[in-house]
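Chain by chain, the residues:
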Amino acid sequence: MNDMAPATRFTSRVEAVLGQSRSIRAMLLDEVVPHLAPARRAAAEHVARRLIPSRIFASETLHDLEALIAQLEREAEAGTYAGWEADDGHTRGGWPTTWRDERAASLTASAVELRRFRMSITTVLDALEAERIANRLMDRD
């Protein structure tokens, strides 16, 4: 059972997102940018610059993250290959497989982390909106 007061839980969520933002920024600069062609790095660099406490919880950040995630997924598709793993002992003679080159694997993993980060931001914003709605409802009485 969680004994923390709502304000403490909310502060803890915000704190977690701020900490996560430092890891995401490092990932963008150290792992994502080097895997993108110079002409395709602008979105990742832009998002990295947005990851300061005063801008993380802006709706534009969520939009920019979603656009970057879509870009990384498209880029990863170029290095993703579908195949078949043959196995005479298998009831169907094998199974389908997916193989990614190093670049595609890195971009795919980064997109997953960016989705988690976006969800963390959304969770904080939802908690803030829930608090506002609850206060309005209580004020009606």
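Structure first, text after, so check above.
The rules behind each value
- Numbers given for residues are sequential positions, taken from 1 along each chain in its written order.
- Restriction of local features to residues with pLDDT of at least 70 applies here, the model being predicted, together with a cutoff of 80 or more for giving and counting side-chain atom pairs; totals for whole chains, interfaces and linings are based on all residues.
- Values shown for side chains rest on all heavy atoms present in the structure; no hydrogens or waters enter the calculation.
- In this text, buried Ala, Val, Leu, Ile, Met, Phe, Trp, Tyr and Cys residues form a nonpolar core when linked through side-chain atoms within 4.5 Å.
- Relative accessibility thresholds used throughout: buried, under 20% of the residue-type maximum; exposed, over 50%; partly exposed, between the two (1.4 Å probe, protein chains only).
- Working definition: helices are DSSP H or I runs of at least four residues, strands are E runs of at least two. Numbering for both runs from the N terminus.
- Whether two residues touch is decided by their heavy atoms; if any such pair falls within 4.5 Å, the residues are in contact.
- Between N-to-C directions, angles cover 0 to 180 degrees, with each direction set by a line fitted to C-alpha atoms, over the stretch in contact for helices.
- Roughly parallel covers angles under 35 degrees, roughly antiparallel covers those over 145, roughly perpendicular covers 65 to 115, and oblique covers all other angles.
- By the definition used in this description, the sense in which the near helix is turned from the far one sets the handedness, with an anticlockwise turn below a right angle giving left-handed and a clockwise turn giving right-handed.
- Amino acid classes used here: Ala, Val, Leu, Ile, Met, Phe, Trp, Tyr, Cys and Pro are nonpolar; Asp, Glu, Lys and Arg are charged; the rest, including Gly, are polar.

**Topic: the nonpolar core**
In step 1: By size, the foremost hydrophobic cluster in this structure holds 26 residues, and its most contacted members are Leu28, Leu72, Leu114 and Phe117.
In step 2: Among the secondary structure elements, those contributing two or more residues to this core are helix H1 (6-32), helix H2 (42-50), helix H4 (59-77) and helix H5 (102-139).
In step 3: When residues of this core are assigned to their parent elements, the largest contribution, 7 residues, is made by H5.
In step 4: Excluding residues within four positions of it along the chain, Leu114 makes contact with Ile24, Met27, Leu28, Leu65, Leu68, Ile69 and Leu72.

**What about the packing of H2 against H4?**
In step 1: For the pair H2 and H4, the least separation of the axes is 10 Å and the interaxial angle reads 150 degrees. Of the possible angle classes, the one that applies to H2 and H4 is roughly antiparallel. You can see that H2 and H4 cross each other, and the crossing is left-handed. Between H2 and H4, the residues in contact are Ala43, Ala44, His46, Val47 and Arg50 and Glu60, Thr61, Asp64, Leu65, Leu68 and Gln71, respectively.
In step 2: Its residues assigned to classes, the contact of H2 with H4 comprises 5 nonpolar, 3 polar and 3 charged.

Purely spatial values, then, with no claim about function.
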